[in-house]
Amino acid sequence: MDFQNNGPEMASEEQRFAPSQDVREHLVVVGNGMAGCRAVEELLARDKDRYRVTIFGAEPYVNYNRIMLSPVLAGEKSFDDIIINGRDWYKDNGIELIAGDPVTAIDRAARTVTSQSGRTVGYDKLLIATGSDPFIIPVPGKDLPGVISFRDMKDVDTMLAAAEAGKALGGGNAVVIGGGLLGLEAAHGLTLRGMKVTVIHLMDTLMERQLDEAAGWLLKSALEGRGQTILTGANTAEIYGDGKVEGVRLKDGREIPASLVVMAVGIRPSTALAREAGLEVNRGIKVDDHMVTSDPDVLAVGECVEHDGNVYGLVAPLWDMCRSLADGLTDRHSGYRGSVTSTKLKVAGLDVFSAGDFSGGEGCEDIVLRDASRGVYKRVVVRDDRIVGAVLYGDTADGGWYFDLLKREEDVSEIRDLLIFGQAFASGGGALDPKAAVAALSDDAEICGCNGVAKGQVVACIEKGACSLDAVRATCKASASCGSCTGLVENLLSVVLGEDVQSGPKTLCKCTSFTHDDVRREIVAQNMRSIPEVMQLLHWSTPDGCSSCRPALNYYLLCALPGEYQDDQQSRFVNERMHANIQKDGTYSVVPRMWGGLTNPRELRAIADVVEKYNAPMVKVTGGQRLDIFGIRKEDLPAVWADLNAAGMVSGHAYGKSLRTVKTCVGSEWCRFGTQDSTGLGVKIERMTWGSWMPHKFKIAASGCPRNCAEATIKDFGVVCVDSGYELHVGGNGGIHVRATDLLCKVSTEQEALDYCAAFIQLYREEARYLERTAPWIERVGVDYVKRRIVEDEAGREALRSRFLYSQSFSQEDPWAQRAAGADSELHQHLEPPMPFGAIAAE
Amino acid sequence: MTDWIDIGTLADIPQRGARTVRIAGQKEIAVFRTGDDHVFALVNECPHKKGPLSQGIVHGHSVACPLHNWNIALKTGEAQGNDEGCTPTVAVKQEGGRILIARPASLKAAA
Ligand SMILES: Cc1cc2nc3c(=O)[nH]c(=O)nc-3n(C[C@H](O)[C@H](O)[C@H](O)COP(=O)(O)OP(=O)(O)OC[C@H]3O[C@@H](n4cnc5c(N)ncnc54)[C@H](O)[C@@H]3O)c2cc1C
Ligand code: SF4
Ligand code: FES
């Protein structure tokens, strides 16, 4: 490759054709990259002869298109394809290129620059276009051979060599640190080159700066589908290896073997040269609207600059900057005003687009479209009738259109309703009424893709009397699966019936058109594994749900995937998140578990000590026969738990949607009426059931005889011991609407009582709606149904029981112990301003 | 002129969660981080009955109060829907990876 030679010697040869007697002003450019050369191009276009130009480049190449390094790595392009200006361009324009010889110093007093090879060149105007330096995270092993960044052609060559070497060994391992734009493009290229790639990303979602969580989640699933391993929330501790890279160790101890590590965690403006020359530098080299630095004869452009507080890491702004710069150099006055940017991921088959501010919020309208069957997610954010941001995944065809509307701040109120369907739809003339659009469809047009139902069939079933969405779903199955056609079906209903549709059963919340039951059923049917997945597949209409649906989804997933689902703390109500009961003054109360209501001196002493030590203003015996310590401050909670733990006590869960307590009476051990050991049974039941998450709070009691001192007939599950065995009662509750239990059945052994209890709880856990207690649930489904499932169906009962016990094998972990041991301890502490009263920045 | 106080980094606050800051002589401040990594700061008191907003569920750019589930807009501090009331907001910004909150006005004189 003839353009690739340029060592310093060769460059000095070139100096000969540089007109040394040239009397024109001398413009010296440091940086032969995208911005430096573009600036020269813009300048030449305005005034070809005004300046004599010399360009220094650290890389031994002519000017190439850096953003195309990704396709080169992926094998979609060759280096020759990405050259912007070849050797001829430099020659034809009389530009001297000194490539492969970085500038090492600027002397502003003498107006010279000096290069690594020792060459000193004078300038009249100096342009700094040094781009960015990749950010290298300061972990041990970062300097090992085989650890590289992704910035220039040399990095690509190193990656290609590693892939080649790996091939010989049957496929090498690569780790990419950083799941942003650059890291994912590197990972894609390396995968195509046959390497086994693991992406390590610190944040919870990929490309979190460009994408919202939903799009990030889709991207992650797609990449995993392509065989990459994506570790989010993963923190690199060390790169290890003896003499060269052998792998990466994470903070949590996991080790990932690798012969190549690509760090793509970010870039920072390359400002060292400018800083040493005494130019004003903040995050980047400070420039005015014509790219002039604090020295009027020194300009700077590209990623190395900071304009109006902003630094940019994309090319589009460079073009704007270069225009203003060239204008300034040729005495025209336009002025750069900053740029709005958009990004796309250059990974074949994965269409991802993002622009502007898509974070939504106050005064913003979030328009969300999720089309699960096509794998499409679109979100357009509108504020004051103007588009302010957009995220598109899966179908980015309209990205340019949205971006254009955004940049031009166009009023979109007219097309608001159809905006999300894209340009073709929104500007598709007159027929803007969605009902008219449905009415115009032919009879064989498909309405429901999942069940293959055509418009004619839906209309026929409405005409035969299915007058609600639910009835349609039940009759012809349209909209009964993924639900994405719900809107169409509703429109058809109102077209056919000539009126507004009678609304179906209550949806889970306003973020979805699905009911609780639909959601539960689909989670299991489609084997969904995370909240974002549910929201995508079920077409949630909000970006991250609300305080009604998030706790419900968290519970449904937890119940469906015991031991597997990763609990989402931020989707839990405060009591569950803090493992204590929030009180009206914002302090907490703590209720240690006392099995079956029993206690002993050691526990009582520990409780008394805690009360004194943390100045708890009150201790109270609860309705469930436990001691409740009131008035504990959030920051003291971990210490309180640690003290109670030390005395052998665990969390009472007296605050969660979970098993609260098992109330007992004294039973046959002491009471003259007692028929069975109700206390002992209560302890056994509590040992079996504690820690289980439920749709709502759950209370149990065991009484030793029909006198029922433990009030077992107003509990979710109650046992009344009788001479011949145990009466099992269900669905009672002492809340606002007091409800006495229904008798479920009578059993003769203690073990049976335990087994039926487990089966009953599991049925309730699997089938009740979130925040529905057993009483309304049983009234809804009927006690006969529960009897059928628990009493009559022996195999079914056994299956329920074993599912419950399986799930319990994961959930009987004492959250107090974990917190006291330091888990999430920072959440209990106040943020500590490092400089309590010192102003660190002034405006 | 605003004085800014550095209170930490984004990573110090759980996504869709909050942490609190105490400044002598001031009401406790709740600093929220949303799902899309925006940061907001409010006095840590619900306009209804002073519930600690920092302990609520954060969704979109709102927080649901842990006591009676009022929804408060993080940007304006205003109660949403049919509820009325407003929690004072505190100016906050992210700069160079740090989170800065505006020093409350009454402290300026004291400092
Ligand atoms: C793999 C990759 C993919 C990308 N994809 C996209 C994309 O899809 N879309 C997008 O908008 N942007 C993308 N970018 C970013 C884009 O390439 C940059 O924004 C752009 O190149 C910045 O231009 P610049 O001239 O400021 O810096 P650069 O193009 O980096 O040029 C700076 C040049 O200065 C040289 N230099 C540095 N110091 C000295 C010195 N002391 N003496 C002499 N020379 C020196 C460097 O060697 C370099 O050649 C991508 C970047 C990479 C690395
Ligand atoms: S329920 Fe019966 S056994 Fe239990 S304490 Fe009361 S009277 Fe005694
Ligand atoms: S105190 Fe916040 S809703 Fe009542």
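About the thresholds
Chains are numbered independently. Their residues run from 1 in the order of the written sequence. Chains and ligands are labelled by the order in which they are written, letters from A for the one and numbers from 1 for the other. At least 70 in pLDDT is required for a residue's local features to be given in this predicted model, at least 80 for side-chain atom pairs to be given and counted, and no such filter applies to totals for whole chains, interfaces and linings, which use all residues. The side-chain figures draw on all heavy atoms in the structure; neither hydrogens nor water molecules are used. UniProt positions are given in the numbering used here, feature names are shortened, and annotations may be inferred rather than shown by experiment. Each helix corresponds to a stretch of at least 4 residues labelled H or I by DSSP, and each strand to a stretch of at least 2 residues labelled E; elements are numbered beginning at the N terminus. For a helix, the expected span equals 1.5 Å multiplied by the number of residues minus one. Between buried and exposed lies partly exposed: a residue is buried under 20% and exposed over 50% of the maximum accessible area for its type, with that area taken using a 1.4 Å probe on protein chains only. Each C-beta atom gives one direction from the helix axis, and the arc is the one those directions make. When checking whether two residues touch, look at their non-hydrogen atoms; a contact exists if any pair is within 4.5 Å. Strand pairing is defined by DSSP finding a minimum of two bridges between the two strands. As a rule, the C-alpha atoms of each element are fitted with a line to give its axis, helices using only the stretch in contact, and angles between N-to-C directions run from 0 to 180 degrees. For this description, a residue counts as near a given molecule or strand if any of its non-hydrogen atoms is within 4 Å of it. Throughout this description, a polar contact denotes any pair of N or O atoms lying within 3.5 Å of each other; where both atoms belong to protein, one of them has to be capable of donating a hydrogen while the other can accept it, and for residues adjacent in sequence the pair is counted only when both atoms sit in side chains. We get accessible surface area from the Shrake-Rupley algorithm with a probe of 1.4 Å; when it comes to residues, only the shown protein chains can shield them. Amino acids outside the nonpolar list (Ala, Val, Leu, Ile, Met, Phe, Trp, Tyr, Cys, Pro) and the charged list (Asp, Glu, Lys, Arg) are all regarded as polar, and Gly is one of them. As used throughout, domain bounds are those supplied by an automatic or database domain assignment. Salt bridge, as applied in this entry: a Lys or Arg side-chain nitrogen positioned within 4 Å of an Asp or Glu carboxyl oxygen. Patch membership needs two things, relative accessible area over 30% and no salt bridge, and members are linked within 9 Å if like-charged or within 5 Å if nonpolar (Val, Leu, Ile, Met, Phe, Trp, Tyr). Positive charge is attributed to Lys and Arg, negative charge to Asp and Glu, and no charge count is given to His or to the chain ends. Working definition for charges: the position is that of NZ of Lys, CZ of Arg, CG of Asp or CD of Glu. We define the nonpolar core as a collection of buried residues of types Ala, Val, Leu, Ile, Met, Phe, Trp, Tyr and Cys that are connected through side-chain atoms lying within 4.5 Å of one another. As a working definition, buried area equals the accessible area (1.4 Å probe) given up by two parts on being put together, with both sides summed.

- By the naming in an unreviewed UniProt entry, chain B goes by Nitrite reductase (NAD(P)H) small subunit and is assigned to Sphingobium indicum.

- The name an unreviewed UniProt entry assigns to chain A is NAD(P)/FAD-dependent oxidoreductase, from the organism Sphingobium indicum.
- Checking UniProt for chain A, the heading Pathway (unreviewed entry) contains the comment "Nitrogen metabolism; nitrate reduction (assimilation)."
- On record in UniProt, under Sequence similarities (unreviewed entry), the comment for chain A is "Belongs to the nitrite and sulfite reductase 4Fe-4S domain family."

1. Topic: helix H20 (residues 601-613) of chain A
Residues and elements named next belong to chain A.
And then number 1: The terminal C-alpha atoms of H20 lie 18 Å apart, and with 13 residues this matches the ideal 18 Å at 1.5 Å per residue to within 8%.
And then number 2: Three or more residues of H20 are buried, namely Glu 603, Ala 606, Ile 607, Val 610 and Val 611. Buried residues of H20, viewed axially, fall in a sector of 135 degrees; they line one side. Of the residues in H20, the exposed ones pointing more than 90 degrees away from the buried face are Pro 601, Arg 605, Glu 612 and Lys 613.
And then number 3: The inward-facing, buried residues of H20 contact strand S32 (618-621), strand S33 (627-632) and helix H21 (637-646).
And then number 4: Looking at the residues trailing H20, positive phi occurs at Asn 615, about 55 degrees.

2. Details of the sheet that holds strand S16 (residues 247-250) of chain A
Sheet strands pair by backbone hydrogen bonding; their relative direction is either parallel or antiparallel.
Residues and elements named next belong to chain A.
And then number 1: Spatially, S15-S16-S17 is the arrangement adopted by the three strands of the open sheet, whose pairing is antiparallel. On the outer flanks of this sheet lie strand S15 (236-240) and strand S17 (255-257), each paired with one strand and no other. Looking at each pair of strands side by side, their axes are set apart by 20 degrees on average, direction ignored.
And then number 2: Examined bridge by bridge, S16 and S17 share three bridges and lie antiparallel to one another. Considered in S17, the bridge of Gly 247 is made with Pro 257.

3. Side note on the UniProt feature "binding site: [4Fe-4S] cluster" (unreviewed entry) in chain A
All names here are of chain A.
And then number 1: On the UniProt side, "binding site: [4Fe-4S] cluster" (unreviewed entry) is annotated at positions that read Cys 665, Cys 671, Cys 705 and Cys 709 here. These annotated residues cover 45 residues of sequence, but their C-alpha atoms sit close together, with the largest distance between any two at 10.9 Å.
And then number 2: With respect to the element layout, Cys 665 can be found in the loop between strand S34 (659-664) and helix H22 (678-689).
And then number 3: Sequence-distant contacts of Cys 665, that is, excluding residues within four places in its chain, are made with Ser 678, Thr 679, Ala 702, Ser 703, Gly 704, Cys 709 and Ala 710.
And then number 4: Here Cys 671 is to be found in the loop between S34 and H22.
And then number 5: By relative accessible area, which is 29% here, Cys 671 ends up partly exposed.

4. Details of the site of ligand 1
Residues and elements named next belong to chain A.
And then number 1: Taken together, the neighbourhood of ligand 1 is formed by 30 residues, with Ala 35, Glu 59, Arg 151, Glu 303 and Lys 346 sitting nearest.
And then number 2: The backbone of Val 103 places a nitrogen or oxygen atom 3.0 Å from a nitrogen atom of ligand 1.
And then number 3: At 2.8 Å, a backbone N or O of Val 315 approaches an oxygen atom of ligand 1.
And then number 4: Its free accessible area being 990 Å², ligand 1 has 90% of it covered by the protein chains.
And then number 5: Sorting the residues of the shell around ligand 1 by element identifies helix H2 (34-46), strand S2 (51-57), helix H3 (69-74) and helix H6 (181-192) as the ones contributing at least two each.
And then number 6: Looking at the shell around ligand 1 residue by residue, the classes come out as 16 nonpolar, eight polar and six charged.
And then number 7: Both domains that meet at the shell around ligand 1, namely domain 1 (23-130 + 269-327) and domain 2 (133-266), each give it at least three residues.

5. Description of the environment of Arg 797 of chain A
Residues and elements named next belong to chain A.
And then number 1: Here Arg 797 is to be found in helix H26 (residues 794-811).
And then number 2: In this structure, Arg 797 is in contact with Tyr 756, Ala 759, Arg 789, Ile 790 and Val 791, ignoring residues within four places of it in sequence.
And then number 3: In terms of polar contacts, Arg 797 uses its side chain to reach the backbone carbonyl oxygen of Ile 790, at 3.0 Å.

6. Here we look at the site of ligand 2
And then number 1: Every residue near ligand 2 is listed here: Cys 665, Val 666, Gly 667, Cys 671, Phe 673, Gly 674, Gly 704, Cys 705, Arg 707, Asn 708 and Cys 709 of chain A.
And then number 2: Class assignment of the residues belonging to the shell around ligand 2 gives a composition of six nonpolar, four polar and one charged.

7. With respect to the pattern of salt bridges
Pairs can form between side chains of opposite charge whenever their charged atoms are close.
And then number 1: Taken as a whole and judged by the stated rule, the model has 55 salt bridges over all chains.
And then number 2: Ionic pairing is found between Lys 220 of chain A and Glu 224 of chain A, a salt bridge with its closest N-O pair at 3.7 Å. Residue Lys 220 of chain A and its partner Glu 224 of chain A are both found in helix H7 (residues 213-225); the two are separated by four residues, about one turn of the helix.
And then number 3: Taking the relative accessible area as the measure of exposure, Glu 224 of chain A reaches 37% and is therefore partly exposed.
And then number 4: One salt bridge in this structure joins Arg 593 of chain A and Glu 686 of chain A, with 2.5 Å as the shortest N-O distance. One end of the pair, Arg 593 of chain A, is in the loop between strand S31 (588-590) and H20; the other, Glu 686 of chain A, is in helix H22, with 93 residues separating them in the sequence. Here Arg 593 of chain A matches Glu 686 of chain A in class, with each residue buried.
And then number 5: In this structure, a network of salt bridges that share partners links the residues Arg 633, Glu 635 and Asp 636 of chain A together with Arg 22 and Glu 28 of chain B.

8. A short note on a negative patch on the surface
All names here are of chain A.
And then number 1: Judged by side-chain charge, Asp 784, Glu 792, Asp 793 and Glu 794 come together as a negatively charged surface patch.
And then number 2: Tracing the backbone through its elements, the reader meets Glu 794 in helix H26.
And then number 3: For Glu 794, a relative accessible area of 58% corresponds to the exposed category.

9. Quick word on the nonpolar core
Residues and elements named next belong to chain A.
And then number 1: Counting 54 residues, the largest nonpolar core has Ile 55, Val 113, Leu 126, Ile 128 and Val 301 as the members making the most contacts within it.
And then number 2: Among the elements that take part in this core, H2 stands out by supplying seven residues, more than any other.
And then number 3: Setting aside its immediate chain neighbours within four residues, Ile 128 contacts Val 30, Ile 106, Ala 274, Leu 279, Ile 285, Val 298, Leu 299, Ala 300, Val 301 and Cys 304.
And then number 4: If you look at the next biggest cluster of nonpolar residues, it comprises 48 residues, including Leu 190, Val 197, Leu 218 and Val 347.

10. Side note on the environment of Ala 187 of chain A
Residue and element names in this part refer to chain A.
And then number 1: Mapping Ala 187 onto the fold places it in helix H6.
And then number 2: Using a relative accessible area of 0% as the deciding quantity, one classes Ala 187 as buried.
And then number 3: Sequence separation between Ala 187 and Ala 74 is 113 residues; the distance between their C-alpha atoms is 9.4 Å.
And then number 4: If we skip the residues at most four places from it in the chain, Ala 187 touches Val 176, Val 197, Val 199 and Gln 228.

11. Let's talk about the side chain of Thr 587 of chain A
Residue and element names in this part refer to chain A.
And then number 1: Looking at the element boundaries, Thr 587 is found in the loop between strand S30 (581-582) and S31.
And then number 2: A distance of 2.7 Å separates a polar atom in the side chain of Thr 587 from a polar atom in the side chain of Asp 585.
And then number 3: Residues within four places of Thr 587 in sequence aside, it is in contact with Asn 581, Ile 582, Gly 631 and Ile 632.

12. With respect to the interface of chain A and chain B
And then number 1: Each side of the interface is counted separately: chain A has 47 residues, and chain B has 49 residues.
And then number 2: In total, about 3,800 Å² of surface goes out of reach between chain A and chain B, with carbon and sulfur atoms giving 53% of it.
And then number 3: Where chain A packs against chain B, one counts three salt bridges.
And then number 4: For Arg 16 of chain B, the salt bridge is made with Glu 213 of chain A, and the minimal N-O distance between the two is 2.2 Å.
And then number 5: At the junction of chain A and chain B, the tally comes to nine residue pairs in polar contact (both at pLDDT 80 or more).
And then number 6: Taken together, the elements giving at least two residues each to the side of chain A that touches chain B come down to helix H18 (549-560), helix H19 (574-578) and strand S39 (841-842) of chain A.
And then number 7: For the side of chain A that touches chain B, the element with the highest residue contribution is H19 of chain A, accounting for three residues.
And then number 8: Of the residues in the side of chain A that touches chain B, the class split is 19 nonpolar, 12 polar and 16 charged.

13. Observations concerning helix H9 (residues 316-329) of chain A
All names here are of chain A.
And then number 1: If you check H9, its first and last C-alpha atoms are 21 Å apart, about what 14 residues at 1.5 Å a residue would give, namely 20 Å.
And then number 2: Looking at H9, one finds that the buried residues are Pro 317, Leu 318, Met 321, Cys 322, Ser 324, Leu 325, Ala 326, Asp 327 and Leu 329.
And then number 3: Next to the buried residues of H9 lie strand S1 (25-30), H2, S2, strand S9 (125-128), strand S21 (298-300) and strand S22 (305-307).
And then number 4: Asp 331 sits one or two residues past H9 and shows a positive phi near 60 degrees.

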